[in-house]
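The chain contents come next:
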Amino acid sequence: MTNRQWCPENIDRVENLTYVPLERRYLKVQFVKTAMAYIGLMLLPVFLLFITEDPAGRNAIIICAESVLLAAAAVNMLFLPKAYAYKGFAIREHDITYRSGIIFPKTVTIPFCKVQQVSVRQTPVTRMFGLYAVDIVNGAQFLAETTIPGLTKEKADGIKALLIERIDNESK
């Protein structure tokens, strides 16, 4: 093992990494999940019909609430393709990086030596599209779990196998 000095100019910057994009079907998953959330939220004002006694006030409140929720849903749906395009992951020699968020961008880099657990999972919505997510639990107290969503079964299993192999190699 060596302990050579590195120049900051020679270090690969996280901003310059080439990120592997998520599966295109994951955008459809995002649309379905967002639509389900907003439909659920839009049902809440309907319950005001049973709570309030003044019909005129009740209708105005419901129309305002539904209008706000519909506008929020439209804006959210417009941002989904941009958010999807920004998401991705990169695997380097000693770590894995996941990038997400367009309004509040977040880049998480996890060194292989800090990974404690790796698992592959599906939700009911991702199961409909045949996609999986890889959950990576690390030793950090903040952001202790990172999830890389929108992967095929082969890619998810490959990442899991690679991480487990690298964990073994890093601990030696």
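Residues numbered from 1 in each chain as written. Predicted model: local features only at pLDDT ≥ 70, side-chain atom pairs only at ≥ 80, totals over all residues. Heavy atoms only, no water.

Going by the annotation in an unreviewed UniProt entry, the name recorded for the protein is PH domain-containing protein, with Candidatus Merdivivens pullistercoris given as the source organism.

I'd like a description of the side chain of Thr34, backed by residues and values.
On the secondary structure map, Thr34 appears in helix H1 (residues 25-43). A relative accessible area of 11% places Thr34 in the buried class. Sequence-distant contacts of Thr34, that is, excluding residues within four places in its chain, are made with Asn76, Met77 and Leu80. (Helix = DSSP H or I, 4+ residues; strand = E, 2+ residues; numbered from the N terminus. Buried < 20%, exposed > 50% of the residue type's maximum accessible area, 1.4 Å probe, protein only. Contact = heavy atoms within 4.5 Å.)

For the environment of Leu43, give the residues involved together with the corresponding values.
Within the secondary structure, Leu43 sits in helix H1. For the pair Leu43 and Arg4, spaced 39 residues apart in sequence, the C-alpha to C-alpha distance is 62 Å.

Outline the sheet that holds strand S7 (residues 145-151), supporting the account with residue identities and numerical values.
Pairing is antiparallel across the open sheet formed by three strands, whose spatial order is S5-S6-S7. Every interior strand has two partners, whereas the edge strands, strand S5 (115-121) and S7, have only one. Averaged over all pairs of adjacent strands, the angle between strand axes in this sheet comes to 15 degrees, irrespective of strand direction. The sheet contact formed by S5 and strand S6 (residues 132-138) spans six bridges and is antiparallel. The partner of Val115 across the bridge, within S6, is Asn138. (Pairing = 2+ DSSP bridges. Axes fitted to C-alpha atoms, helices over the stretch in contact; angles between N-to-C directions.)

If you had to explain the pattern of salt bridges to someone new, which residues and values would you point to?
In a structure, side chains of opposite charge can pair up when their charged atoms sit close to one another. What the rule picks out here adds up to five salt bridges. The closest approach of N and O atoms between Lys155 and Glu23, which form a salt bridge, is 3.6 Å. With a gap of 132 residues between them, Lys155 in helix H5 (residues 153-171) and Glu23 in the loop between strand S1 (20-21) and H1 connect regions that are remote in the sequence. Classification of Lys155 by relative accessible area gives partly exposed; the value is 29%. One network of salt bridges, with partners in common, ties together Glu23, Arg25 and Lys155. (Salt bridge = Lys/Arg side-chain N within 4 Å of Asp/Glu carboxyl O.)

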